[in-house]
Amino acid sequence: MDIIAAVLTPFVVSLLVCGLMVRFGPKDAPDGGRKTQAAPVPSSGGVGILAGVAASMAALEALGAHVAGLMFAPPLAGVAGFCVVAALLGWLDDAKGLPASAKLLALVGAALGAVLLGTAPAGLFVGGAAIALPAILGGLLAAAVVFVMANAVNFMDGANGIAMGTALIILASLVLLLAPSAALMPERQDLALLTGLLLAAAAATGGFLFWNLRGKLFAGDAGALSVGGLIGGASVIYAGVGPVLVPLTLCLPILIDVFMTLAWRARRGAPLMQAHRDHAYQILLRAGWPHVQVARVWWGMTAVCAGAVVAGPFAAQAGAYDAGGLPVDVIVFVGLAAAGVWLWLKQRRELGAKLAAEGK
């Protein structure tokens, strides 16, 4: 019954609510710039994802999981609060349009609010060593992670399947990583509930993708910001029980494109707050790649990162935690990050230059 509540319920509810959004949701119209769809497409598919997660949590509560008590207590209260605020801001932006600066400031406030509600680790694990953090520093780092991940997923939400499909892989990977900690620490009931929450979010995202991959529905800011915030919040909580580089490694395919593109635009004096088509995935779209083909590239890169970090605990058990004096989590993160930066630069030099010469 728990599996039905955590997987089947959110998938079906999300599938149905997203179907309603296809018919009744706000429309995202082409603008001749970043939004290149041929006709207006219904948005706010994130409402379906959130509805699926909420239905799953209600089902688990009915089964005696005491969801409500845990959800309104640290550290999950901060994660849940941020996701709700992000979803509301996203919905308003999808339906009415909000100034970018106002939305960003509101998200900063929500991220800081999440920290005040207890979503911040007292220390970090890096390379097998525990590092204690002053409360203020830990809080600021936690808020930064939640804020950055929410916006990073939103920035990548410009091709069918890419942001939400990648997010599904990350959510499922976090489930696999958190489940052992939840089993080993039964007193941490929040870890067990967070695992169920992530599983429900992954299933609900699958229900959304049924419509999104067919080009019928966009996640909108309501979906991208809330799902990204959930990934960021879960990463912060995981950093209190496992290596902090693990969730960061999972998110490298998103983070590298976002930060490299921002750095590239800043170097050229381009406005950072202005919508654009300079991300690596957008360059592939400009070159004529189909949306699903572009999405598969990011799914593949994320799957490689997921395989590397999920295999880490097994390597540690086999006595291979250290390699050449360096911890495996550090080696994997640095190696995959370097590979990602190299691929980004290679594409920019070759395909980006070719498109610029053709005026595309």
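Conventions used here
Residues numbered from 1 in each chain as written. Predicted model: local features only at pLDDT ≥ 70, side-chain atom pairs only at ≥ 80, totals over all residues. Heavy atoms only, no water. Helix = DSSP H or I, 4+ residues; strand = E, 2+ residues; numbered from the N terminus. Buried < 20%, exposed > 50% of the residue type's maximum accessible area, 1.4 Å probe, protein only. Contact = heavy atoms within 4.5 Å. Areas by Shrake-Rupley, 256 points an atom, 1.4 Å probe, with all protein chains shown as cover. Core = buried A, V, L, I, M, F, W, Y, C linked by side-chain atoms within 4.5 Å. Axes fitted to C-alpha atoms, helices over the stretch in contact; angles between N-to-C directions. Parallel < 35°, antiparallel > 145°, perpendicular 65-115°, else oblique. Left-handed = near helix turned anticlockwise from the far one by under 90°. Nonpolar A, V, L, I, M, F, W, Y, C, P; charged D, E, K, R; others polar. Phe/Tyr/Trp six-rings, centres within 6.5 Å; stacked < 30°, edge-to-face > 60°. Lys NZ or Arg CZ within 6 Å of the ring centre and 35° of its normal. 1 Å grid on protein atoms, 1.4 Å probe; cavity = no way out; pocket = protein on both sides within 12 Å on 5 of 7 lines; lining within 4 Å. Points joined across faces, edges and corners; volume = space filled by probe spheres on them. pLDDT = per-residue confidence, 0-100. Salt bridge = Lys/Arg side-chain N within 4 Å of Asp/Glu carboxyl O.

Caption draft 1: Representation of the overall build of the protein in the model. For the protein, the helix and strand inventory stands at 15 helices and 6 strands. Buried residues in the protein amount to 48% of all 360 residues. In the protein, the share of contacts with a sequence separation of at least 24, taken over all contacts with a separation of at least 6, comes to 77%. With the model as given, the accessible surface of the protein reaches about 15,700 Å², and the carbon-plus-sulfur share is 71%.

Caption draft 2: Focus on the nonpolar core. One finds M57, M164, L198 and I231 to be the most contacted residues of the largest nonpolar core, which totals 74 residues. If we ignore the near neighbours within four places in the chain, the residues touching L198 are L171, L174, V175, L178, L230 and A234.

Caption draft 3: A look at the packing of helix α7 (residues 162–184) against helix α9 (residues 220–238). Packing of α7 against α9 leaves a shortest axis separation of 11 Å and a crossing angle of 25°. When the interaxial angle is binned, α7 and α9 end up roughly parallel. Between α7 and α9 lies a crossing whose hand is left-handed. Residues M164, A167, I170, L171, L174, L177 and L178 of α7 form the contact with α9, whose participating residues are G223, A224, V227, L230, I231, A234 and Y238. Looking at the contact of α7 with α9 residue by residue, the class counts come to 13 nonpolar, 1 polar and no charged.

Caption draft 4: Local environment of the packing of aromatic side chains. A full pass over the atoms with the stated rule returns 2 aromatic pairs. Summarising the aromatic geometry, the rings of F210 and W211 are spaced 5.1 Å apart at their centres and angled 90° between planes, so their arrangement reads as edge-to-face. Looking at W211, the relative accessible area reads 19%, which means it is buried. A centroid spacing of 6.4 Å and a plane angle of 85° characterise the contact between Y281 and W298, whose relative ring orientation is edge-to-face. Highlighted residues: Y281 in helix α12 (residues 280–286) and W298 in helix α13 (residues 291–310), separated in sequence by 17 residues. A cation sits over an aromatic face here: R348 above W264, 4.7 Å from the ring centre.

Caption draft 5: Spotlight on empty space enclosed by the protein. If you walk through the whole model with that rule in mind, you get 1 cavity of 30 Å³ or more. The space that makes up the largest cavity amounts to roughly 30 Å³. Lining the largest cavity, in full, are V145, M149, S235, P247, L248 and C251. Those elements giving two or more residues to the lining of the largest cavity turn out to be α6 (135–155) and α10 (245–250). A breakdown of the residues in the lining of the largest cavity according to their chemical character gives 5 nonpolar, 1 polar and no charged.

Caption draft 6: Representation of the packing of α6 against α9 within the structure. The contact between α6 and α9 brings their axes to 7 Å, and the two run at 145°. Crossing of α6 against α9: the hand is right-handed. Contact residues: A142, V145, V146, M149, A150, N151, V153 and N154 in α6; D221, A224, L225, G228, G229, I231, G232, G233, S235 and V236 in α9. Residues that form the contact of α6 with α9 fall into these classes: 10 nonpolar, 7 polar and 1 charged.

Caption draft 7: Representation of the side chain of S235. Tracing the backbone shows S235 in helix α9. Discounting residues that sit within four places of it in the chain, S235 has contacts with V145 and P247.

Caption draft 8: Spotlight on the confidence of the model for the protein. This prediction gives the protein a mean pLDDT of 87; 89% of its residues lie at or above 70. For the protein, the element scoring lowest by mean pLDDT is strand β5 (residues 322–323), at 50; α9 scores highest, at 96. Within the model, pLDDT remains below 50 along residues 314–321, and this stretch shows 10 contacts once partners closer than five positions in the same chain are excluded.

Caption draft 9: Structural detail: the pattern of salt bridges. Under the defined criterion, the tally for this structure stands at 6 salt bridges. Among the ionic pairs, R265 bridges to D278, the shortest N-O distance being 2.5 Å. Here D278 lies in the loop between α11 (252–267) and α12 and R265 lies in helix α11, a separation of 13 residues in the sequence. Salt bridges linked by common partners bring D93, K103 and D221 together as one network.

Caption draft 10: Seen up close, unusual backbone geometry. Cis geometry is adopted by the peptide bond preceding P75, which originates at P74 and carries an omega value of 0°. Considering the arrangement of structural elements, one finds P75 in the loop between α3 (67–71) and α4 (76–95). Unlike most non-glycine residues, S44 shows phi in positive territory, near 60°.

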